[in-house]
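The chain contents come next:
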Protein chains: 2
Amino acid sequence: MVTLKELAKLLNVSVSTVSKALSDSNEIGEATKKRVTELAKELNYKPNRIAQQLKSSQTKVIGVVVPSLMNPFFAEVVHGIEKTLEEQNYDMTICISNESLEKEKRSFDLLSSGSVDGFIVAVARDTQIKYDIKHFEIISKNAPIVMFDRVLNDIDCNKVVVDDFNTVFEATRYLIQKESRKHILLISNIEELSVGKQRVNGYKKAVEEHYLKTNIIKLDREESPDELIKNYLEAHEEIDAIISIDHITGIMALNSVKALGKNVPEDISIIGFGYVDSEYVSSPKLSIINQKGFEIGKTSAEILINQLASNSKIEVKTMMVKSELNLKGTTKKA
Amino acid sequence: MVTLKELAKLLNVSVSTVSKALSDSNEIGEATKKRVTELAKELNYKPNRIAQQLKSSQTKVIGVVVPSLMNPFFAEVVHGIEKTLEEQNYDMTICISNESLEKEKRSFDLLSSGSVDGFIVAVARDTQIKYDIKHFEIISKNAPIVMFDRVLNDIDCNKVVVDDFNTVFEATRYLIQKESRKHILLISNIEELSVGKQRVNGYKKAVEEHYLKTNIIKLDREESPDELIKNYLEAHEEIDAIISIDHITGIMALNSVKALGKNVPEDISIIGFGYVDSEYVSSPKLSIINQKGFEIGKTSAEILINQLASNSKIEVKTMMVKSELNLKGTTKKA
DNA sequence: TTGTACGCGTTATCAG
DNA sequence: CTGATAACGCGTACAA
């Protein structure tokens, strides 16, 4: 790594001359500027970012803490974050909590010692269940946090969420009103998350508003969830629509229905919770509630960077990113 | 952020005393040690990592540059990397090249100014096509690189790859020998990548060895790849097996075959290139070649950290991670 | 126009 | 046992 000092020695000038020349300061004569920049280019000089960070006490790095990247929703969000950060010349260091409280704490520890300027976080499942949130309280004193999707109401920070309740409410109502469905099954495997509860409630409200019966399958880490779905459908011939509230069970449901010899969407309508690829791996293409992960990521990063720029305590708020109902082949009117 | 200096002032001792006390040096008396550690805990002191990095000129951070995280293979690899790094107390900063040469260069620029101790990289598609690899040459002078999957033969560094050729060769041979298939279709949408070529060659070798005809569909960014597959199958009634060499077309093929009223695996066997979730979204469950992304990530990180520890130029080599043929429901003998 | 001096927070060496 | 000092690389106020 070539440093200012080395350049200075080679050119027989002082370190600060070199520094100023490289930042194109008008204190420096054109001649020396040229000598300096040329040598710098030749030796491929790059200012040491660590030193800059220490000096300026800002890192231009954002810490991103997510439960997993193998959940396509989070992967999409991370891409959204990346997009904004890139435009603003920020980097990100990603920690994966793996849904574990301990790992989440550890990530905060590592990142909170000056390595990042702020955080974007989706809370681990474990943390939400145990509701041990001291690490959030501590960290939020020192650095700005933006939470998305998996959010902690008791922590005072900016939040970006999907309008989970209304989204599922409207999708359910769509099935009832526009497709005349009367026996709607909801499949859930994220019951214990705040977002999961919201979604289930949206479903319940729509169903109850029309004086229909709720039908819910909870899959918490089943051995063979697809079997369970199939068995349920066999035992409940009356089911004529299905809503799935996570990214994978919708496709499972579709396959189960087809295996039972029923037609989609003629006999049963299906709406999944989706991500961009789900339409490629299903036939007919799955109608989905699109969570807009990319948007969520972009928005989160923008909020954080704004907060960083205007380093005052601006009012903290919760942004709703509205999700879209993308109707494809598993509902009647695509 | 509370610093050593502040602690020193509060305790009326010198900065170096505090520093030593906290690192449990035996130069310091038990009494003062206790005073220091207690105050440090109380004020939640954490050594500033940036300062430590500047001092020690190592960051304990690895730069990970991948084309995308929405490809489940890369997501899996990143999880593998994360696992190893966590055990070794390293962090990672992730840059997403988005398959673009320019973004890849930019990522290197950002990370090469002392922010990371080493790199783990999968080369962008764009870079492989244009074969502009100067940035790799430059960087590999200063910091160790490990490449995985998408690899550049002309760069002298450690590499971790799937045994693409043999993997597909053996899968194809399996279809011919054990399942008596004679008309095997290969579906490819990554023809232009080194890994893609290897896989196609493996297929060709097996087919030609048995004096059969090759059937290949190339899908470079089609509008509706599923339609194309379906049309091909309709036009070629004789096809009795399909191999897909990326993570998504296998499921498309399965759906197309079912839509044409054929039975899987009775009429047609299918083998996809897989990741952990593919069996959940297909029915019957897709037989796959499992690329073992997690293994690849773990191995890459281990190699890099070893290299960093023994900071000599050890011999550079290419590790093969053997992939597995996971037979499920889309081949006859599961 | 150029150079000197200092500080960011830490650690290591050396002196007391 | 404790404290002063220097150094990591950079930027900047101030002096020349």
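Residues numbered from 1 in each chain as written. Chains lettered and ligands numbered in written order. Predicted model: local features only at pLDDT ≥ 70, side-chain atom pairs only at ≥ 80, totals over all residues. Heavy atoms only, no water.

Trainee: Explanation requested: the overall build of chain A in the structure shown.
Mentor: Secondary structure assignment for chain A yields 13 helices and twelve strands. The globule rule puts the C-alpha radius of gyration for 334 residues at 20 Å, and the 26 Å found for chain A is more than 25% above it. Projecting the C-alpha coordinates of chain A onto the three principal axes gives extents of approximately 90 × 40 × 35 Å. Across the 334 residues of chain A, 55% fall into the buried class. Restricting the contact set of chain A to residue pairs at least 6 apart, pairs at least 24 apart contribute 71%. Accessible area of chain A: about 14600 Å², with a carbon and sulfur share of 48%. Counting 44 positive and 48 negative side-chain charges, chain A places the averaged centre of each group 4 Å from the other. (Helix = DSSP H or I, 4+ residues; strand = E, 2+ residues; numbered from the N terminus. Rg over C-alpha atoms; globule rule 2.2 N^0.38 Å. Buried < 20%, exposed > 50% of the residue type's maximum accessible area, 1.4 Å probe, protein only. Contact = heavy atoms within 4.5 Å. Areas by Shrake-Rupley, 256 points an atom, 1.4 Å probe, with all protein chains shown as cover. Lys, Arg positive; Asp, Glu negative; His and termini not counted. Charge placed at Lys NZ, Arg CZ, Asp CG, Glu CD.)

Trainee: Honestly, the UniProt feature "domain: HTH lacI-type" (unreviewed entry) in chain A in this entry has me stumped. Any pointers?
Mentor: Taken from the UniProt record, the annotation "domain: HTH lacI-type" (unreviewed entry) applies to residues 2-56 of chain A. Along residues 2-56 of chain A the backbone is 67% helical and 0% strand, and the end-to-end C-alpha distance reaches 21 Å. (UniProt positions renumbered as here; feature names shortened; annotations may be inferred.)

Trainee: Just checking my understanding: could you explain the protein's contact with DNA strand D for this structure?
Mentor: The full set close to DNA strand D counts 23 residues, and L4 and Y45 of chain A together with T17, K20 and E27 of chain B are the nearest of them. Restricting attention to atoms of DNA strand D within 4 Å of the protein, one finds that 59% of them are sugar or phosphate atoms. By residue class, the composition of the surface near DNA strand D is seven nonpolar, ten polar and six charged. (Near = heavy atom within 4 Å. Nonpolar A, V, L, I, M, F, W, Y, C, P; charged D, E, K, R; others polar.)

Trainee: Looking at this structure, I do not really get empty space enclosed by the protein. What am I missing?
Mentor: By rolling a water-sized probe across the atoms, one finds the places where empty space is left. The tally for this structure, following the rule as stated, stands at four cavities of 30 Å³ or more. Taken as a whole, the largest cavity encloses approximately 200 Å³ of empty space. For the largest cavity, the lining is made up of 18 residues, of which V61, T93 and S115 of chain A together with V61 and S115 of chain B are closest to its centre. Looking at the lining of the largest cavity, the elements that each hand over two or more residues are α4 (49-56) and β2 (91-96) of chain A together with α4 (49-56) and β2 (91-96) of chain B. (1 Å grid on protein atoms, 1.4 Å probe; cavity = no way out; pocket = protein on both sides within 12 Å on 5 of 7 lines; lining within 4 Å. Points joined across faces, edges and corners; volume = space filled by probe spheres on them.)

Trainee: Would you mind going over the layout of surface pockets with me for this structure?
Mentor: Looking at the second largest pocket, its volume works out to about 1300 Å³. As for the second largest pocket, its lining consists of 47 residues, and the residues nearest its centre are M1 and N48 of chain A together with S112, G114 and V116 of chain B. For the lining of the second largest pocket, the secondary structure elements donating two or more residues are α1 (4-11), α2 (15-22), α3 (30-42) and α4 of chain A together with α4, α8 (134-142) and α13 (293-309) of chain B. Per-element tally for the lining of the second largest pocket: the top contributor is α4 of chain A, with six residues. Grouping the amino acids of the lining of the second largest pocket by side-chain chemistry returns 22 nonpolar, 18 polar and seven charged.

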